Amino acid sequence: MPEVEMFVSLVIPDNTAITASNTLKRMGSTKILNLKREIYYKFNFNGDTKVFENKISKVDLLVNHNKHKVEFKKPNEPFPDGRIRILVTDTENSSNSSSSLLSSLKNSAGMKNIKKMETGTLWILAIDDKPENVMPYAWDIARKLLYNKHYQKAEILARR
Amino acid sequence: MAKQNKNKNKKSQAKNKGHEKKSHAQAKHSSSFKSAQSGASSKQPSHTKKQLLQNSPMKQKEVIKAQDNIKNNIKNNLKGSRIRIAVIWFPGTNCEEETARVVEAAGMSAEIIRWNSDTARLRDFDGYVLPGGWSYEDRIRAGVIVAKDPVLDVIKNEADKGKPVLGICNGAQILVEKGMVPATKPDNEIALAPNVNPLVSGYYCSWVYLKVENNKGAFTSLFKPNEVMLVPVAHGEGRFMTSDSEVKEKLRRENLVAFKYCDENGKILEKYPYNPNGSFANIAAVYNAKGNVLAIMPHPERAAWKKQIPGFYGTSKEGDSSSAGRKIFESMKFYIEKMKKEAKNA
């Protein structure tokens, strides 16, 4: 079954990312050069990938073309910029928002060929440190602010 | 003629000066809770009730009421025993006015304080309330940005000294993210996760029944054991949960759960609509281990007068009488008075 990852980012200023960046600086994390945020979706579906990508990127439940930019990747496809990416997702059964979104996509947006869907927040960090320190630094930031261990999990997408 | 006018001007200037002095004195003595009412009164401080009758009937009532409030506040302040509560306002907080109103109704003095005010001034207060709303638009997670703000360190220090801290809804989310409840370990032991509700995902509001589980803490001492009260809930991230089974056991063993969701008879039913968000063990409010910090998801400040309760059809006078939600604030007052007495005796 084909699988695709969709990354939705804002083209206008992202207040959440700015607030996160300011908060981290106030907390003493001064090595962050840049912090961006993207909404992450992963779909398993039936049908042709190009057709699916074209159709899903036009669903306004997920993308508003006036303010969003969409990018697709195959799972494990590398990120060329070499930045650290922390993916925060809810742990299983912790929330019903994802299942309710899937139901809306199937029933209201006509995307009945979606078989499985995952959602999350992707934090993209540029860290000014030695390469061997970057990963522990990113984990420290994730633990301090970006996810709550009781109902969320974080993973670093290290695809180079 | 010119001389006459000059004299007239002098007289009116003197009169105005008198007004200024009076209103300043009133402002100094009056409660610092800046409601719309007190604002109206400071503009027309020395008008008699007769003069006010010339204004529109609504305004007359408001101004007269505000003047009476100020008089009462001056009386109470002159007694020198007014308990001062800081209602902390963060960017995005929107329940500060009604919270301050209930604090006043419970017999304390409320002051709405901005999050970036002088922290030294903040230490002078006898207690703190973090009201509901959407601080920082709930960015990242509800309450997490404020939890990292230096002002919370000041409040935490004061709580460690025994001062009471009440977090309502978004205030509760802040206290939980800060790790101020249940505070049996240095780490964050519990979380307020997104609601799990069979009808809607995200924000949900309704009226729910709460049962008193612990009436020993600073905010529940005036409740009877197992008392049931009706209060509104309004949140999207209000599900108490923990991934640490030891904490679950500790909450039960140390009796740190202040309120649980229940039915109208006080029966704990772990299903919707009695439990509106899927909280584990139907928890609606949690104390810290000392019992002076309370994180409560429902809004007791919206159930403090009988007229606010659904199904109330009494007279206006009956409607103005106290309802169960106010007891949380009255218990807070009782706790501070007790704390002050003990400090005096010591």
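Not measured: the values here are computed from a predicted model.

Chemist: Provide a residue-level description of the overall build of chain B, including the pertinent values.
Modeler: Of regular secondary structure, chain B possesses twelve helices and eleven strands. Each of the 346 residues in chain B was classed as buried or not, and the buried ones make up 50%. Pairs at least 24 apart in sequence give 74% of the contacts found in chain B among residues at least 6 apart. About 17000 Å² of surface is accessible on chain B, with carbon and sulfur atoms providing 51% of the total.

Chemist: Before we move on, can you summarise the overall build of chain A with the specific residues and values?
Modeler: Looking only at helices and strands, chain A has four helices and six strands in total. Seen in sequence order, chain A has helices and strands lined up from the N terminus as β-α-β-α-β-β-α-β-α-β. For a compact globule of 160 residues, the expected C-alpha radius of gyration is about 15 Å, and chain A comes in at 16 Å, within 12% of that figure. Among the 160 residues that make up chain A, the fraction classed as buried is 44%. For chain A, contacts bridging at least 24 residues in sequence account for 80% of all contacts bridging at least 6. As displayed, chain A offers around 8400 Å² of accessible surface, 47% of which is attributable to carbon and sulfur atoms.

Chemist: Can you lay out helix 5 (residues 96-105) of chain B for me, pointing to particular residues and giving the numbers?
Modeler: Those residues of helix 5 of chain B lying buried are Glu96, Thr99, Ala100, Val102, Val103 and Glu104 of chain B. Remark: Gly107 of chain B follows helix 5 of chain B within two positions and exhibits a positive phi of approximately 95 degrees.

Chemist: Could you give an account of the packing of aromatic side chains, naming the residues involved and the relevant values?
Modeler: Residues and elements named next belong to chain B. Inspection of every chain in the model, using the stated rule, returns nine aromatic pairs over all chains. Ring centres 5.9 Å apart and planes at 40 degrees place the aromatic pair Trp134 and Tyr203 in the tilted group. Taken as a pair, Trp134 in the loop between strand 3 (127-130) and helix 7 (144-147) and Tyr203 in the loop between strand 5 (191-193) and strand 6 (204-212) lie far apart in primary sequence, 69 residues in all. The class for Trp134 is partly exposed, based on a relative accessible area of 40%. The exposure class assigned to Tyr203 is partly exposed, which follows from its relative accessible area of 43%. Considering the side-chain rings of Tyr204 and Tyr272, the 5.8 Å spacing of their centres and the 65 degrees angle between planes classify their relative orientation as edge-to-face. Taken together, the positions of Tyr204 in strand 6 and Tyr272 in the loop between strand 9 (257-262) and strand 10 (283-287) put the pair 68 residues apart, joining distant regions of the chain.

Chemist: Talk me through unusual backbone geometry; I want residue IDs and the actual numbers.
Modeler: Residue and element names in this part refer to chain B. The omega angle of the peptide bond from Val181 to Pro182 is -10 degrees, so this bond is cis rather than trans. When you line up the elements, Pro182 lands in the loop between helix 9 (170-178) and strand 5. With omega at 5 degrees, the peptide bond leading from Tyr272 into Pro273 counts as cis. One can find Pro273 in the loop between strand 9 and strand 10.

Chemist: How would you sum up the confidence of the model for chain A? Please name residues and give values.
Modeler: The pLDDT averaged across chain A works out to 92; a share of 95% of its residues lies at or above 70. For chain A, helix 3 (residues 97-107) of chain A is the element with the lowest average pLDDT, namely 85, and strand 1 (residues 3-10) of chain A is the one with the highest, namely 97.

Chemist: How would you summarise the environment of Val103 of chain B if you had to cite specific residues and measurements?
Modeler: Residues and elements named next belong to chain B. By the element assignment, Val103 lies in helix 5. With a relative accessible area of 0%, Val103 lands in the buried category. Along the backbone, Val103 and Ala86 are 17 residues apart, and their C-alpha atoms lie at a distance of 9.6 Å. With sequence-adjacent residues up to four places away left out, Val103 is seen in contact with Ile85, Met108, Ser109, Ala110, Val129 and Phe329.

Chemist: If you had to explain the sheet that holds strand 5 (residues 114-127) of chain A to someone new, which residues and values would you point to?
Modeler: Residues and elements named next belong to chain A. Spatially, six strands are ordered 3-1-2-5-4-6 in an open sheet, and the strand pairing comes out antiparallel. In this open sheet, the two strands that pair with only one neighbour each are strand 3 (68-73) and strand 6 (152-156). For this sheet, the mean angle separating the axes of adjacent strands, direction not counted, is 25 degrees. Relative to strand 5, strand 4 (residues 84-90) runs antiparallel, the two sharing five bridges. Paired with Val88 across the two strands is Thr121, which belongs to strand 5.

Reading the values: the criteria
- Residues numbered from 1 in each chain as written.
- Chains lettered and ligands numbered in written order.
- Predicted model: local features only at pLDDT ≥ 70, side-chain atom pairs only at ≥ 80, totals over all residues.
- Heavy atoms only, no water.
- Helix = DSSP H or I, 4+ residues; strand = E, 2+ residues; numbered from the N terminus.
- Buried < 20%, exposed > 50% of the residue type's maximum accessible area, 1.4 Å probe, protein only.
- Contact = heavy atoms within 4.5 Å.
- Areas by Shrake-Rupley, 256 points an atom, 1.4 Å probe, with all protein chains shown as cover.
- Rg over C-alpha atoms; globule rule 2.2 N^0.38 Å.
- Phe/Tyr/Trp six-rings, centres within 6.5 Å; stacked < 30°, edge-to-face > 60°.
- pLDDT = per-residue confidence, 0-100.
- Pairing = 2+ DSSP bridges.
- Axes fitted to C-alpha atoms, helices over the stretch in contact; angles between N-to-C directions.

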